[in-house]
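# Examining the three-dimensional arrangement
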Amino acid sequence: MAQSIRQSTLQTMGLGTVLDIFRNGQLPVTTRDLVDRVFGKADNRGSLVVSGANGIVGAGKCMQLGSRLQPFDIPVIALDFPGVPDGIGKQYPGLEKAFGRQGAAKIMENVIRLNYGGTDLPSSLKQYQPRFLLEAIPEILELKKSHYEIFKAAFPGIEIRSVTSGFPMHQLGVGIAHPAFPHEINKIWEIVEDEPSAVTQLLWALGLIPIPVGDHWSFVLDVLFCGLTLTGIRYFHNSNMPFWKIDKYIRKLLGPNPFRAHDAIGAKGANFLTWSCLHDLSRHYGDLFKPAPALEEHKESGQNWYPMNHFRPLVNWTLNESEDEEFRTWILGPIAQMTSLILHEKRAHLSHINSIGELCAQFRRGILSVIRGLGADTVIKTVEAYHKLHPEAGKSSWYPAVFEDMDSAGWQQLYVNAEHDDNVGVITLGRESYNSDIDLEINRAVDWLKAAGIKKVILTGDFHLSTQMVGADTSDFYPALKDSKAGLEISGNWSRTARRFYEEFQVSVGFINGKRCLGGMLELLTHCHFLVSVSDTALGMPEVTLPVVPGMEGCHWPFRKTRPENWPRLLQLLLTGKPVKAQDAVGWLVDYAGSLEDALQQVWKIVSGGDHGLSIRKVDEGALKGLPGEMSGIVTPGDKNLEAARQAIFKTIRASCGSSLSEALMIQAKHSAEFMTGILCKKGVIGAEYGKTMTV
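Report on the accompanying structure. These figures come from a predicted structure and were not determined experimentally.

## Here we look at the packing of helix H14 (residues 321-344) against helix H17 (residues 376-389)
One can describe the packing of H14 onto H17 by two numbers: an axis separation of 8 Å at closest approach and a directional angle of 110°. On the basis of the axis angle, H14 is roughly perpendicular to H17. Across the interface between the two elements, Glu326, Thr329, Trp330, Leu332, Gly333, Pro334, Ala336 and Gln337 from H14 touch Val379, Thr382, Val383, Ala385, Tyr386, His387 and Leu389 from H17. Grouping the amino acids of the contact of H14 with H17 by side-chain chemistry returns nine nonpolar, five polar and one charged.

Structure representation (structure tokens):
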């Protein structure tokens, strides 16, 4: 029987484990089967109805779902009142940009617009056999409930999901599929239902990210996002600091810009939704969530939080140490208390709670990761300090006991899980970018498998929260911009973690699925004995474009695993930053590329001892000979910074490849660390992000 460190997030959707996927050589469900279950067989397909289709949410979901359902010829009925602004038309340029003119036109062929008066349905709707209603009408409870009754009376058995951002299922009487903003591109849906349904599994099969959450007011995302907005407003009332300045300090502390986000969404609607969520939450959970006066005012006026003329240069200043500590208390205190409520009510899998803040609300690290980093004692003291500033918040909805079990597997493995069947193990990454949290959790997962005697392992994404692998989280590099020791520690530690997959297992297989695998994530996976990928996945080393020198042995490890005649291809990959399809990298970077099912089956053959037909590409542990002494054929006229970055990477390649394997790790780490403290990196993408985020 399979064992795991913690529950796989796939299991929360009734989709089994990641180990099952490899053992069976296929995904647990197929899109076509689920389309048949939700919309009917191909000879009698029903339709998807999106009501409120011209609103921000409805229009975005018409585009997102319409594009994914187009191959199955599912009609998308865009239903709304006559005379409302054309929200769908506003989305079309983005659709055309993503799919081209012909592709966008093909998608829109299946989007059928119908008008209705609200009290009954258009007679022409019947011919499209509605099977699934996605309701996106205004946040008025009785209006929603009467809307459902109209559809249920006309189409018995129809599946209904509300996109509500506040009302729980037990109030609405239907399931919930709450999508994150921006609605046309964000893949996250908070799902509330009694049991995992075909609708939820279909969303997953279509490449979206449904996340089951509990049936509570405002779910998880809006407790965190609306709650964070409220913390900023309360600090405004305490300090009179302008909202744009509060945004800058919140961004430095946690990552999001809540006030700018409201304006970007559309202040009039976003202000009302935030007020509505907080108003309902305060009715059930007390003054912790009570809307502050400034929010009441903005709800009524629809005013932006960033006025056109806010005189930033005239009122700009920096908080001193004591003021900064008070700011942290005003922000972290209530957010930690709100998180205690989420945990007390067990609103979601811990990994889900943590990831929602990152994937939907732009937290640099999930809120549970932040809390884990601070430690229970510090978090509790911060909340208690907040209660001295805002005594009313301490009267209810505070559950410090939930922070007492941070040593549990759920808390310790927020991003990385491990499973095994007593013979084969699998380590799954539930985050798209590599950071210090991922590094620590991978090491704990490796230790857990080794303690169980597992000698064969698969390293891969989690088939759920991580739909691609985009490289290192560059915010982890911020300390290294000023201190080369910090850069050396990052590069050295991360490289040592990666080497464990080559040195400590009898067989290790890296598996790549999704749109792309870049930078540090690709460096990590190349350390496995075998690297298997889906054919059309893009593999790349974009560090030169940032610029930064690769720090997880990308400048020498792949060279040591392939023949000298393939070195020019690796040089092109590293020095141009241009990706390559996995199918074109077989033999020099990848060991096998094929369709998803073929690749899954090949991975299982390798780890189970089947006839896979591949030979291990052993790492040359000596100094490599025959590397070119200078770059050739890679020129970017006029771009001196790019040329200098290439020279730095090429110099690192020469130095690390020209040494023994035992020396190369620290040689590359030192080159990477020294480059990060230099002017090129500080003037590049990472330096710009640091200045924008951390300099206030």
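## Brief notes about the pairing of strand S7 (residues 175-179)
Most of S7 is tucked away: five of the five residues are buried. Taking every second residue as pointing to the same face, both faces of S7 are buried, with Gly175, Ala177 and Pro179 on one and Ile176 and His178 on the other. As judged from the two bridges shared by strand S6 (residues 159-162) and S7, these two strands associate in the parallel manner. By the bridge assignment, serine 162 is partnered in S7 with isoleucine 176. The pairing of S7 with strand S8 (residues 188-192) spans four bridges and is classified as antiparallel. Within S8, the residue paired with histidine 178 across the bridge is glutamate 190.

## Considering the pairing of strand S4 (residues 111-115)
Of the pairings in the sheet, the one linking strand S3 (residues 76-80) to S4 comprises five bridges and is parallel in character. Note on S4: the bridge partner recorded for alanine 78 is arginine 113. Traced from S3 through helix H4 (residues 87-109) to S4, the parallel crossover comes out right-handed.

## Thoughts on unusual backbone geometry
Following phenylalanine 181, the chain continues into proline 182 via a peptide bond in cis, with omega recorded as -5°. Position of proline 182 among the secondary structure elements: in the loop between S7 and S8. The linkage connecting leucine 546 with the following residue, proline 547, adopts the cis geometry, with an omega of -10°. Its place among the elements puts proline 547 in the loop between strand S18 (538-540) and helix H22 (557-560). With phi around 55°, lysine 346 is a residue other than glycine that occupies positive phi space. Assessed through its relative accessible area of 71%, lysine 346 is described here as exposed. The residue serine 397 is not glycine, and still its phi comes out positive at about 60°. Along the polypeptide, serine 397 turns up in the loop between H17 and helix H18 (409-412).

The rules we used
Residues numbered from 1 in each chain as written. Predicted model: local features only at pLDDT ≥ 70, side-chain atom pairs only at ≥ 80, totals over all residues. Heavy atoms only, no water. Axes fitted to C-alpha atoms, helices over the stretch in contact; angles between N-to-C directions. Helix = DSSP H or I, 4+ residues; strand = E, 2+ residues; numbered from the N terminus. Parallel < 35°, antiparallel > 145°, perpendicular 65-115°, else oblique. Contact = heavy atoms within 4.5 Å. Nonpolar A, V, L, I, M, F, W, Y, C, P; charged D, E, K, R; others polar. Buried < 20%, exposed > 50% of the residue type's maximum accessible area, 1.4 Å probe, protein only. Pairing = 2+ DSSP bridges. Right-handed = clockwise from strand over helix to strand, strands pointing away.

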